[in-house]
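Okay, here's what each chain looks like letter by letter:
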Amino acid sequence: QRPRRAKVPAAAGAEFTACGERTGPCDVPHIGPGCSQTQCCEAVCAQDGFCCDVSWDEICIEDNIELCDDLPVPPAACSLNTGYCLQEREAGGCSDPACCAEVCAADAFCCQQGWDSLCVEEAIERCDLLRCTPIAETCDSAHRSPGCSDVQCCQDVCEEDDFCCFSEWDGQCAAA
């Protein structure tokens, strides 16, 4: 039997950058540090720094998961690769678990039926999302979501006209 590692609390005031959407689920061990449910991840890592510094192992789950019992759990539609939160689509949910959970708590339709324009509006209001990201729509054509996929182009255009990153990527943004 393998010796059990000791739990070591994180330093006071530690920031847990390993917590968030690009990590694995909190209830499944995985090689990388942190997990996708930010509040749960931060609570566990405060008790056991190994979980955010090295790996999200069985001990992170077995010894600490009770810290997450009362925290809101993102719906299944709020998982990676479900789609950009600032784009409409027929399927429910989006790929930023924290944003998706917040939007779906306000409007269950967004996870149960489809991610429509109202869901996108909620995401814009409630979430601090990247508008200039490779998963956004293209920069060379107009679309209703803010931002676009060419990060440098998007940043340059938005610096000149913030409408392009906070409202929608219209014809003027695409032509810039």
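The structure we're discussing is the one just above.
These notes cover the structure that comes with them. This one's a predicted model, so the numbers in the text were calculated from it and none came from an experiment.

### Thoughts on the overall build of the protein
Argument step 1. Looking only at helices and strands, one finds nine helices and zero strands in the protein.
Argument step 2. Shown N-terminal to C-terminal, the secondary structure of the protein runs as helices and strands in the order α-α-α-α-α-α-α-α-α.
Argument step 3. Reported as C-alpha extents along the three principal axes, the dimensions of the protein are approximately 65 × 35 × 25 Å.
Argument step 4. Relative to its full complement of 176 residues, the protein shows a buried share of 40%.

### Digging into the side chain of Gln 87
Argument step 1. Within the secondary structure layout, Gln 87 lies in the loop between helix H3 (58-62) and helix H4 (97-106).
Argument step 2. Apart from residues lying up to four places away in sequence, Gln 87 is in contact with Trp 115, Val 120, Ile 135, Ala 136, Glu 137 and Ser 145.

### So, the side chain of Asp 57
Argument step 1. Looking at the element boundaries, Asp 57 is found in the loop between helix H2 (50-53) and H3.
Argument step 2. A relative accessible area of 13% means that Asp 57 is categorised as buried.
Argument step 3. In this structure the side chain of Asp 57 is engaged in a polar contact, spanning 3.1 Å, whose partner is the backbone nitrogen of Ile 59.

### Some points on the state of the cysteines
Working definition of a disulfide: a covalent bond connecting the sulfur atoms of two cysteines.
Argument step 1. Overall, the coordinates contain 14 disulfides when judged by the stated rule.
Argument step 2. Here Cys 26 pairs with Cys 35 through a disulfide, and the sulfurs are 1.9 Å apart. For the disulfide bridge between Cys 26 and Cys 35, the dihedral angle about the S-S bond is near 75°, and by the sign convention the bridge is right-handed.
Argument step 3. Here Cys 51 engages in a disulfide with Cys 60; their sulfurs sit 2.0 Å apart. What sets the handedness of the Cys 51 and Cys 60 disulfide is the S-S torsion sign, and at about -105° it is left-handed. Judged on exposure class, the residue Cys 51 and its partner Cys 60 are both buried.
Argument step 4. Here Cys 153 is not cross-linked by a disulfide; its sulfur's nearest cysteine counterpart is in Cys 139, at 4.3 Å.

### Some details on a negative patch on the surface
Argument step 1. A cluster of like negative charges, contributed by Asp 150, Asp 156, Glu 159 and Glu 160, occupies part of the molecular surface.
Argument step 2. Mapped onto the elements of the fold, Glu 159 is located in helix H7 (residues 151-160).
Argument step 3. Looking at Glu 159, the relative accessible area reads 68%, which means it is exposed.

### Considerations on the pattern of salt bridges
Argument step 1. Scanning all chains against the criterion turns up three salt bridges.
Argument step 2. Of the charged contacts in the structure, one is a salt bridge between Arg 126 and Glu 102, with a shortest N-O distance of 3.9 Å. Here the residue Arg 126 occupies a position in helix H6 (residues 117-126), and Glu 102 occupies one in helix H4, the gap between them amounting to 24 residues.
Argument step 3. Residue classification places Glu 102 among the partly exposed residues on the basis of a relative accessible area of 37%.
Argument step 4. As a salt-bridge pair, Glu 122 and Arg 126 come within 2.4 Å of each other at their nearest N and O atoms. Of this pair, Glu 122 and Arg 126 are both found in helix H6, four residues apart, which corresponds to roughly one turn of the helix.
Argument step 5. A relative accessible area of 21% means that Glu 122 is categorised as partly exposed.
Argument step 6. The exposure class of Arg 126 is partly exposed, given its relative accessible area of 37%.
Argument step 7. Each of Glu 102, Glu 122 and Arg 126 takes part in one network of salt bridges that share partners.

### Some details on the nonpolar core
Argument step 1. Of all hydrophobic cores here, the largest spans 19 residues; its most connected members are Val 103, Trp 115 and Ala 123.
Argument step 2. Looking at this core, the elements that each hand over two or more residues are H4, helix H5 (109-112) and H6.
Argument step 3. In terms of residues, this core owes the most to one element, H4, which gives four residues.
Argument step 4. Residue contacts for Ala 123: discarding those within four places in its chain leaves Cys 85, Leu 86, Cys 99, Val 103, Trp 115 and Leu 129.

Reading the values: rules and limits
- Residues numbered from 1 in each chain as written.
- Predicted model: local features only at pLDDT ≥ 70, side-chain atom pairs only at ≥ 80, totals over all residues.
- Heavy atoms only, no water.
- Helix = DSSP H or I, 4+ residues; strand = E, 2+ residues; numbered from the N terminus.
- Buried < 20%, exposed > 50% of the residue type's maximum accessible area, 1.4 Å probe, protein only.
- Contact = heavy atoms within 4.5 Å.
- Polar contact = N/O pair within 3.5 Å; in protein donor to acceptor, adjacent residues only side chain to side chain.
- Disulfide = S-S within 2.5 Å.
- Patch = residues over 30% accessible without salt bridge, like charges linked within 9 Å, V, L, I, M, F, W, Y side chains within 5 Å.
- Areas by Shrake-Rupley, 256 points an atom, 1.4 Å probe, with all protein chains shown as cover.
- Salt bridge = Lys/Arg side-chain N within 4 Å of Asp/Glu carboxyl O.
- Lys, Arg positive; Asp, Glu negative; His and termini not counted.
- Charge placed at Lys NZ, Arg CZ, Asp CG, Glu CD.
- Core = buried A, V, L, I, M, F, W, Y, C linked by side-chain atoms within 4.5 Å.

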